[in-house]
Amino acid sequence: AQKVTQAQTEISVVEKEDVTLDCVYETRDTTYYLFWYKQPPSGELVFLIRRNSFDEQNEISGRYSWNFQKSTSSFNFTITASQVVDSAVYFCAYRQGGSEKLVFGKGTKLTVNP
Amino acid sequence: DTAVSQTPKYLVTQMGNDKSIKCEQNLGHDTMYWYKQDSKKFLKIMFSYNNKELIINETVPNRFSPKSPDKAHLNLHINSLELGDSAVYFCASSPGVTLNNEQFFGPGTRLTVL
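A brief look at the structure comes next. Note that the structure is predicted; figures quoted are calculated from it, not measured.

### Section: the packing of aromatic side chains
Argument step 1. According to the stated counting rule, one finds 21 aromatic pairs over all chains in the structure shown.
Argument step 2. Where Tyr 37 of chain A meets Phe 104 of chain A, the ring centres are 5.9 Å apart and the plane angle is 55°; that geometry is what we call tilted. Of this pair, Tyr 37 of chain A sits in strand S5 (residues 32-39) while Phe 104 of chain A sits in strand S11 (residues 102-104), and the two are 67 residues apart along the sequence. Considered together, Tyr 37 of chain A and Phe 104 of chain A belong to a single accessibility category, that of buried residues.
Argument step 3. Through a chain of ring-to-ring contacts, three or more aromatic side chains come together here, namely Phe 35, Tyr 37, Phe 47, Phe 91 and Phe 104 of chain A together with Tyr 33, Tyr 35, Phe 90 and Phe 105 of chain B.

Dropping the structure here:
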């Protein structure tokens, strides 16, 4: 069965610091999709990014960047120059190709202090 | 316009009662889901429907019964509520597995069983 591990339960940084959230997955599938979702204190789940197993290009979106490495089964998320509004729980998730089921990691709670 | 909406947002009830949570999406998606987020923030899929047909049922007690009157709605009915049912329940939708897209989540319903 597929498994998603977010080893960092909680991270606390000071505003403007860079922070990387780790995500490691286990699978025997050849086709799969990886996701990051943000859950701010208000509780909703906000989609951030999707990556498929055939696309190892890193992606940058403003202060956010993602590093997908199949060799280490990792899909890490970096926030550059963090802001207080980045405080949230961040979830990494996995979906097998052809399946509707999203498997979530346990989440990393990020606190950005002013 | 709200993409995925759920009602109610909060639900407080006594053990043994029966309650329903409603979900509607106006995205034209074919697939809808219910997830449960427990007190430790762990997110787990419960059900998935594709065009009103059940495609995922993740070992959920049969006190939980999803109902999809049409592909834009997926309601969750819970019989004989127990203390352990207290959680946040999220509805989500996606275009469908063949399109390999992300899932869009509703705002969540916080259920408290007393």
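### Focus on the state of the cysteines
Residues and elements named next belong to chain A.
Argument step 1. Inspection of the entire model under this criterion finds 2 disulfides over all chains.
Argument step 2. Disulfide pairing is shown between Cys 23 and Cys 92; the S-S distance is 1.9 Å. Taking the sign of the S-S torsion, -65° for the link of Cys 23 and Cys 92, the bridge is left-handed. Pair noted here: Cys 23 is in the loop between strand S3 (19-21) and strand S4 (24-26) and Cys 92 is in strand S10 (residues 88-96), with a separation of 69 residues, a long-range link. Each member of the pair, Cys 23 together with Cys 92, is buried.

### A word on the interface of chain A and chain B
One frequent convention defines the size of an interface as the accessible area lost when the parts assemble.
Argument step 1. Each side of the interface is counted separately: chain A has 20 residues, and chain B has 22 residues.
Argument step 2. Taken as a group, Leu 45, Glu 100 and Phe 104 of chain A account for 35% of the area that chain A buries against chain B, more than any other trio of residues on that side.
Argument step 3. With its nearest N and O atoms 2.4 Å apart, the salt bridge here joins Glu 102 of chain B to Arg 50 of chain A.
Argument step 4. Scanning the region where chain A abuts chain B turns up 6 residue pairs in polar contact (both at pLDDT 80 or more).
Argument step 5. Elements with a minimum of two residues in the side of chain A that touches chain B: S5, strand S6 (46-52), S10 and S11 of chain A.
Argument step 6. Here the side of chain A that touches chain B gets 4 residues from one element, more than from any other, and that element is S5 of chain A.
Argument step 7. Taken together, the residues of the side of chain A that touches chain B break down into 9 nonpolar, 5 polar and 6 charged.

### Describing the sheet that holds strand S1 (residues 4-7) of chain B
Residue and element names in this part refer to chain B.
Argument step 1. Taken in spatial order, the 4 strands make up an open sheet running S1-S3-S8-S7, and their pairing is antiparallel. Each of the sheet's edge strands pairs with one partner strand only, and the pair in question is S1 and strand S7 (64-70). On average, each strand axis in the sheet is tilted by 20° relative to the strand beside it, whichever way the strands run.

### Structural notes on the pairing of strand S5 (residues 43-50) of chain B
As a general feature of sheets, a regular strand has side chains that alternate between the two faces.
All names here are of chain B.
Argument step 1. Burial runs high along S5: 6 of the 8 residues are buried.
Argument step 2. Note: strand S4 (residues 31-37) against S5, 7 bridges, orientation antiparallel. Of the residues in S5, the one forming a bridge with Met 32 is Tyr 49.
Argument step 3. Joining the antiparallel neighbours S4 and S5 is a turn of 5 residues, in which Lys 41 adopts a positive phi near 75°.
Argument step 4. Of the strand pairs in this sheet, S5 and strand S6 (residues 53-57) are connected by 4 bridges, and their pairing is antiparallel. Its bridge partner lying in S6, Tyr 49 is registered against Leu 54.
Argument step 5. In this structure, the hairpin formed by S5 and S6 is closed by a connection of 2 residues, where Asn 51 is found at a positive phi of approximately 50°.

### A look at the pattern of salt bridges
Residue and element names in this part refer to chain B.
Argument step 1. Summed over the entire model, instances satisfying the criterion amount to 9 salt bridges over all chains.
Argument step 2. The residue Glu 82 makes a salt bridge to Arg 63 at a minimum N-O spacing of 3.5 Å. Pair noted here: Glu 82 is in the loop between strand S8 (73-78) and strand S9 (87-94) and Arg 63 is in the loop between S6 and S7, with a separation of 19 residues, a long-range link.
Argument step 3. Residue Glu 82 is classed as partly exposed on the basis of its relative accessible area of 41%.
Argument step 4. A relative accessible area of 14% means that Arg 63 is categorised as buried.
Argument step 5. For Asp 85, the salt bridge goes to Arg 63, with nearest N and O atoms at 2.8 Å. One end of the pair, Asp 85, is in the loop between S8 and S9; the other, Arg 63, is in the loop between S6 and S7, with 22 residues separating them in the sequence. Summarising the burial analysis for this pair, Asp 85 and Arg 63 share the class buried.

Cut-offs applied
Numbering of residues starts from 1 in each chain and follows the order in which that chain's sequence is written. Chains and ligands are labelled sequentially in the order written, the chains with letters from A and the ligands with numbers from 1. With pLDDT at 70 or above as the cut-off, local features in this predicted model cover only qualifying residues; side-chain atom pairs require 80 or more to be listed or tallied, and sums for whole chains, interfaces and linings still use all residues. To get the side-chain values, take all heavy atoms of the structure and skip hydrogens and water. Stacked, tilted and edge-to-face are the three classes assigned to paired rings of Phe, Tyr and Trp, where Trp is represented by its six-membered ring and a pair needs centres within 6.5 Å; plane angles under 30 degrees give stacked, over 60 edge-to-face, the rest tilted. Segments assigned H or I by DSSP are reported as helices when at least four residues long, segments assigned E as strands when at least two residues long, and all are numbered from the N terminus. Accessibility here uses a 1.4 Å probe with only protein chains present; expressed as a share of the type maximum, an area under 20% marks a residue as buried, one over 50% as exposed, and anything in between as partly exposed. When two cysteine sulfur atoms lie within 2.5 Å, the pair is treated as a disulfide. Here, two residues are considered to be in contact whenever any of their heavy atoms come within 4.5 Å of each other. The term buried area denotes the loss of accessible surface (1.4 Å probe radius) that occurs when two parts are joined, taken as the sum for both partners. Salt-bridge detection follows one rule: a side-chain nitrogen of Lys or Arg within 4 Å of a carboxyl oxygen of Asp or Glu. By the criterion applied in these results, polar contacts are pairs of N or O atoms within 3.5 Å in which, for protein atoms, one can donate a hydrogen and the other can accept it, and in which residues neighboring in sequence qualify only through two side-chain atoms. Each residue receives one of three labels: charged for Asp, Glu, Lys and Arg, nonpolar for Ala, Val, Leu, Ile, Met, Phe, Trp, Tyr, Cys and Pro, and polar for the others, Gly being one of them. Only strands that DSSP links by at least two bridges are regarded as paired with each other. Convention adopted: a line fitted to C-alpha atoms gives each axis, helices being fitted over their contacting stretch, and angles between N-to-C directions are expressed from 0 to 180 degrees.

Such coordinate-based values are descriptive only and should not be taken to indicate function.
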